[in-house]
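Structural characterization, general
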Amino acid sequence: MNADDLGYQADDEDDDDAPPVPAGSKNYITPAGLARLQAERRQLWRVDRPEVVRVVEWAAGNGDRSENGDYIYGKRRLREIDRRLRFLDKRIAAAEAVDPTQQTRRDRVYFGATVTYARIDKDGEDDSEVTVTIVGIDEIDSEKNHVSWISPIARALLKAGVGDTVILRTPTGPESLEVIAISYPAA
């Protein structure tokens, strides 16, 4: 299925600046994250796009399109909506919902876990504590400390248990992290 099959036009611009799904991987996402992507797609397709199409049709009927601001802006907005729709279609098609409430191994860090870890400074003492939740790449939210499962911090923490020390490779050198707590949402 291509863009024309879905009723919107293709253009030469990139789809979105969101991080790519690693080659050969699924787009793991929580059910809530998938629902947000689907809701955004529905909003764009059923509400936003038809409204912009109406404005463009009205503006096109007003004559000279070269200096018609409503027409020019409307066409640009239509391209933006179509680009976002293509992006969402690809992400939703590749999505594999993983429900963290169904995790059976709650003693280890897996997708959907909320992990509290401490940075261990060079003297072996706790330097600072941080809590992150490991989510899909389309659910990243720095204000909520939601990190992608493909991020370096998540990759370092995956499969670790409480009390384990893991090494996080950073541009400034390796950091030691101790896992303090692991939790998952209640079923």
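Before reading further, recall that the structure is shown in the block above.
Here is what the cut-offs are and how they apply
- Throughout, a residue's number is its position along its own chain's written sequence, starting from 1.
- Only residues with pLDDT of at least 70 are given local features in this predicted model, and only at 80 or more are side-chain atom pairs given and counted; all residues enter the totals for whole chains, interfaces and linings.
- To obtain the side-chain values, all non-hydrogen atoms of the structure were included, while hydrogens and water were left out.
- Under the scheme used here, helices are H or I runs from DSSP no shorter than 4 residues and strands are E runs no shorter than 2 residues, and both carry numbers assigned from the N terminus.
- Working definition: with a 1.4 Å probe on protein chains only, accessible area under 20% of the residue-type maximum means buried, over 50% means exposed, and in between means partly exposed.
- Polar contacts, as used here, are pairs of N or O atoms within 3.5 Å; protein pairs need one atom able to donate a hydrogen and one able to accept it. Residues neighboring in sequence count only if both atoms are side-chain atoms.
- In this analysis, the expected span of each helix is defined as 1.5 Å times one less than the number of residues it contains.
- Should any heavy atoms of two residues lie within 4.5 Å, those residues are considered in contact.
- Nine residue types can take part in a nonpolar core, namely buried Ala, Val, Leu, Ile, Met, Phe, Trp, Tyr and Cys, and a core is a set of them joined through side-chain atoms within 4.5 Å.
- We define a salt bridge as a contact between a side-chain nitrogen of Lys or Arg and a carboxyl oxygen of Asp or Glu at a distance within 4 Å.
- The term bend refers to the angle at a residue between two fitted axes, each drawn through seven residues, those ending there and those starting there.
- Only the stretch in contact is used when fitting a helix axis, every axis being a line fitted to C-alpha atoms; angles between N-to-C directions are given from 0 to 180 degrees.
- Should an angle fall under 35 degrees it is called roughly parallel, over 145 degrees roughly antiparallel, and 65 to 115 degrees roughly perpendicular, with every other angle called oblique.
- Whether a crossing is left-handed or right-handed is set by the direction in which the near helix is turned from the far one by less than a right angle, anticlockwise for left-handed and clockwise for right-handed.
- Only Asp, Glu, Lys and Arg are considered charged, only Ala, Val, Leu, Ile, Met, Phe, Trp, Tyr, Cys and Pro nonpolar, and every remaining residue, Gly among them, polar.
- Classification of ring pairs rests on two measures: the distance between centres of Phe, Tyr or Trp rings, Trp counted by its six-membered ring, which must be within 6.5 Å, and the angle between planes, read as stacked under 30 degrees, edge-to-face over 60 and tilted in between.

Some remarks on the side chain of Arg-41
- Assignment of secondary structure puts Arg-41 in helix H1 (residues 31–60).
- Judged by relative accessible area, Arg-41 falls into the buried class, the value being 18%.
- Within the local environment of Arg-41, its side chain forms a polar contact with the side chain of Asp-89, the two groups lying 2.4 Å apart.

A look at unusual backbone geometry
- Residue Asn-145 is not a glycine yet carries a positive backbone phi of 60 degrees.
- Relative to the helices and strands, Asn-145 is located in the loop between strand E4 (126–135) and strand E5 (146–148).
- Phi at Lys-159 takes a positive value of approximately 75 degrees, unusual for a residue other than glycine.
- With respect to the element layout, Lys-159 can be found in the loop between helix H3 (152–157) and strand E6 (165–170).
- The exposure class of Lys-159 is exposed, given its relative accessible area of 58%.

Quick word on helix H2 (residues 69–94)
- Between its first and last C-alpha atoms H2 spans 38 Å; for 26 residues at 1.5 Å apiece the expected length is 38 Å, and the two agree.
- Those residues of H2 not exposed but buried are Tyr-71, Gly-74, Leu-78, Ile-81, Asp-82, Arg-83, Leu-85, Arg-86, Phe-87, Leu-88, Asp-89 and Arg-91.
- Each element contacted by the buried residues of H2 is listed here: strand E1 (27–29), H1 and strand E2 (95–97).

Remarks on the nonpolar core
- The biggest cluster of nonpolar side chains holds 21 residues, and the ones touching the most others in it are Val-109, Val-115, Ile-134, Ile-153 and Leu-157.
- Within the residue set of this core, elements represented by two or more residues are strand E3 (114–120), E4, H3, E6 and strand E7 (173–183).
- If one sorts the elements of this core by residue count, H3 sits on top with four residues.
- The residues touching Leu-157, leaving out its near neighbours within four places in the chain, are Val-109, Val-115, Tyr-117, Val-132, Val-166 and Val-179.

A few points about the pattern of salt bridges
- In this structure the tally under the stated criterion is 11 salt bridges.
- Taking the shortest distance from any N to any O, the salt bridge between Glu-139 and Arg-36 comes out at 3.6 Å. Of this pair, Glu-139 sits in the loop between E4 and E5 while Arg-36 is found in helix H1, placing the two residues 103 residues apart along the sequence.
- A residue is classified by how much of its surface remains accessible, and Glu-139, at 7% relative accessible area, is buried.
- For Asp-164, the salt bridge identified is with Arg-108, shortest N-O distance 3.0 Å. With Asp-164 in the loop between H3 and E6 and Arg-108 in the loop between E2 and E3, the pair connects residues that are 56 residues apart, well separated along the chain.

Concerning H1
- The end-to-end C-alpha distance of H1 is 42 Å, a good match for the 44 Å that 30 residues give at a rise of 1.5 Å each.
- When the local axis directions of H1 are compared, the greatest deviation, roughly 40 degrees, occurs at Leu-44.
- Among the residues of H1, Gly-33, Leu-34, Leu-37, Arg-41, Leu-44, Arg-49, Val-52, Val-56 and Ala-59 are the ones counted as buried.
- On its buried face, H1 is in contact with E1, H2 and E2.

Focus: the packing of H1 against H2
- Running from amino to carboxyl end, H1 crosses H2 at an angle of 155 degrees, the nearest separation of the two axes being 9 Å. In this view, H1 runs roughly antiparallel relative to H2, as classed from their interaxial angle. Relative to H2, H1 is oriented so that their crossing is left-handed.
- Its residues assigned to classes, the contact of H1 with H2 comprises 17 nonpolar, two polar and 11 charged.

Remarks on the packing of aromatic side chains
- Within this structure, the stated rule accounts for two aromatic pairs.
- The interplanar angle of 50 degrees and the centroid separation of 6.5 Å between the aromatic rings of Tyr-28 and Phe-111 together place this pair among those described as tilted. A residue pair is termed long-range when its members are at least 10 positions apart, and Tyr-28 in strand E1 and Phe-111 in the loop between E2 and E3 qualify at 83 residues.
- Here the aromatic rings of Tyr-28 and Trp-149 are separated by 5.2 Å at their centres, their planes lie at 75 degrees, and the arrangement is edge-to-face. Of this pair, Tyr-28 sits in strand E1 while Trp-149 sits in the loop between E5 and H3, placing them 121 residues apart in sequence.

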